[in-house]
Amino acid sequence: MTTQADQTAPIGILFMAYGGPESLDDMPGYLSDIRAGRVTSSAVLDEITNNYRQIGGKSPLPEFTRAQVDATMRQLESTRRPLRAYIGMRHWSPWIEDAVRDMLDDGITQAVAIVLAPHYSSLSVAKYQKKIKAALEMYHGHIDFAFIDDYHTEPGYITALADRVRAGIQSFPEAERGDVHVILSAHSLPVRIEKEGDPYSKQLLESAHLIATHAGLRGDQWSWSYQSAGRSPEPWLGPQLDEHMHDLAAKGVKKVVSVPVGFVSDHVEILFDIDIAAQEVAQELGMTLVRPPALNTDPLFIGTLASVIERKVAAL
């Protein structure tokens, strides 16, 4: 139970994201961390480096994450308990472990942890949470963390994405809008998670149905796809976006709006995998593909982050 004295102690808010290289020189180390030290072939390194070169030579994720954190903390300024924000990345600096160390050095004893990914999986959100626990063990410290596992059905998040669906459709001439097909997508994960009872796929489809309903889509006007599958021999969740576009083209679909629901800011899985790779597929198929802006600092999304954090803080 929180004492009166504790009411003046700041609560740490740890925002976590995947991380991304801040220059092309970072690529070997970045890929090594993602691959847990496994050797990256020169062909794969060259390919991924070229992907990043085409989107500006670095990942915009760290910059967008900082902007999202700043915007969220401004909305939380009226919270009765004082709050202090920290940023930790899973695969690049600033590392989650370093953020936890800073929290311990600052005397933080209570904290809320949130991953900037709305859907829970043992291979995503749970990995971030394990890094926090490992860091506390490494530094022999204790912080009472309250974890936000997911927020995939929050009204602000759903409305923000439904707004993008509508904006994408409205970018076509009015007479053509009834023929526009919406593809909702998220990052693929290995198929084995479904056999393990992982909630990832279920949560994604919950979000998708809510977004489609809120946007007023007909049942035949939208579909689901996965994208950005990893480079491992095991099967990954599908259909993959490029394969799905071929299937839609075979059914006569010529106008597509692509709305990734599993990513909350612009980074390589959007700027390259959709804006470049998927656009090339669309051109080959004679399709017009529109990708509305990512959530980034959309007020509705920032309000969602602030709301779920505020509820956790109130429970401490």
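A. Seen up close, the overall build of the chain. Regarding its fold elements, the chain presents twelve helices and eight strands. The principal-axis extents of the C-alpha atoms in the chain amount to approximately 65 × 45 × 40 Å. Looking at the chain as a whole, 51% of its 316 residues qualify as buried. For the chain, contacts bridging at least 24 residues in sequence account for 80% of all contacts bridging at least 6. Each charge sign in the chain was given a centre, from 29 positive and 41 negative side chains, and these centres are 2 Å apart.

B. A look at the packing of helix α6 (residues 155-170) against helix α12 (residues 299-315). Closest axis-to-axis distance for the α6/α12 pair is 8 Å, and the angle between their directions is 165 degrees. Comparing the axis directions of α6 and α12 gives the class roughly antiparallel. The handedness of the crossing between α6 and α12 comes out as left-handed. Contact residues: Gly156, Tyr157, Thr159, Ala160 and Asp163 in α6; Leu300, Phe301 and Thr304 in α12.

C. Just the sheet that holds strand β3 (residues 110-115), in detail. Strand order in this open sheet of four strands is β2-β1-β3-β4, and the pairing throughout is parallel. The two strands at the open ends of the sheet, each matched to only one other strand, are β2 (83-89) and β4 (144-148). Adjacent strand axes in the sheet meet at a mean angle of 25 degrees, parallel and antiparallel pairs treated alike. One ladder, built from five bridges, connects strand β1 (residues 11-17) with β3; its direction is parallel. Bridging across to β3, Gly12 finds its partner in Ala111. The strands touched by helix α3 (residues 61-75) are β1 and β2; relative to β2, the strand with the most contacts, the crossing angle is about 165 degrees.

D. Layout of the packing of aromatic side chains. Scanning the entire structure with this criterion turns up five aromatic pairs. Residues Tyr30 and Trp92 carry aromatic rings whose centres are separated by 6.2 Å and whose planes lie at 90 degrees to one another, so their mutual orientation is edge-to-face. Placement of Tyr30 in helix α1 (residues 27-34) and of Trp92 in the loop between β2 and α4 (96-105) is noted, with a sequence separation of 62 residues between them. Relative to Trp95, the ring of Trp92 lies with its centre 5.8 Å away and its plane at 55 degrees, an arrangement referred to as tilted. With relative accessibility at 14%, the residue Trp92 sits in the buried group. An aromatic cluster is defined as three or more aromatic residues linked by ring pairs; in this entry it consists of Tyr30, Tyr52, Trp92 and Trp95.

E. Representation of helix α9 (residues 241-250). Regarding α9, the residues found buried are Leu241, His244, Met245, Leu248 and Ala249. On an axial view of α9, the arc spanned by its buried residues comes to 140 degrees, and they lie on one face. Contacts made by the buried residues of α9 are with β5 (181-187), β6 (222-227), α11 (273-285) and β8 (288-290). One or two residues past the end of α9 sits Gly252, with phi positive at roughly 95 degrees.

Analysis parameters
Residues numbered from 1 in each chain as written. Predicted model: local features only at pLDDT ≥ 70, side-chain atom pairs only at ≥ 80, totals over all residues. Heavy atoms only, no water. Helix = DSSP H or I, 4+ residues; strand = E, 2+ residues; numbered from the N terminus. Buried < 20%, exposed > 50% of the residue type's maximum accessible area, 1.4 Å probe, protein only. Contact = heavy atoms within 4.5 Å. Lys, Arg positive; Asp, Glu negative; His and termini not counted. Charge placed at Lys NZ, Arg CZ, Asp CG, Glu CD. Axes fitted to C-alpha atoms, helices over the stretch in contact; angles between N-to-C directions. Parallel < 35°, antiparallel > 145°, perpendicular 65-115°, else oblique. Left-handed = near helix turned anticlockwise from the far one by under 90°. Pairing = 2+ DSSP bridges. Phe/Tyr/Trp six-rings, centres within 6.5 Å; stacked < 30°, edge-to-face > 60°. Arc of directions from axis to C-beta.

Function cannot be inferred from these measures alone, as they are strictly geometric.
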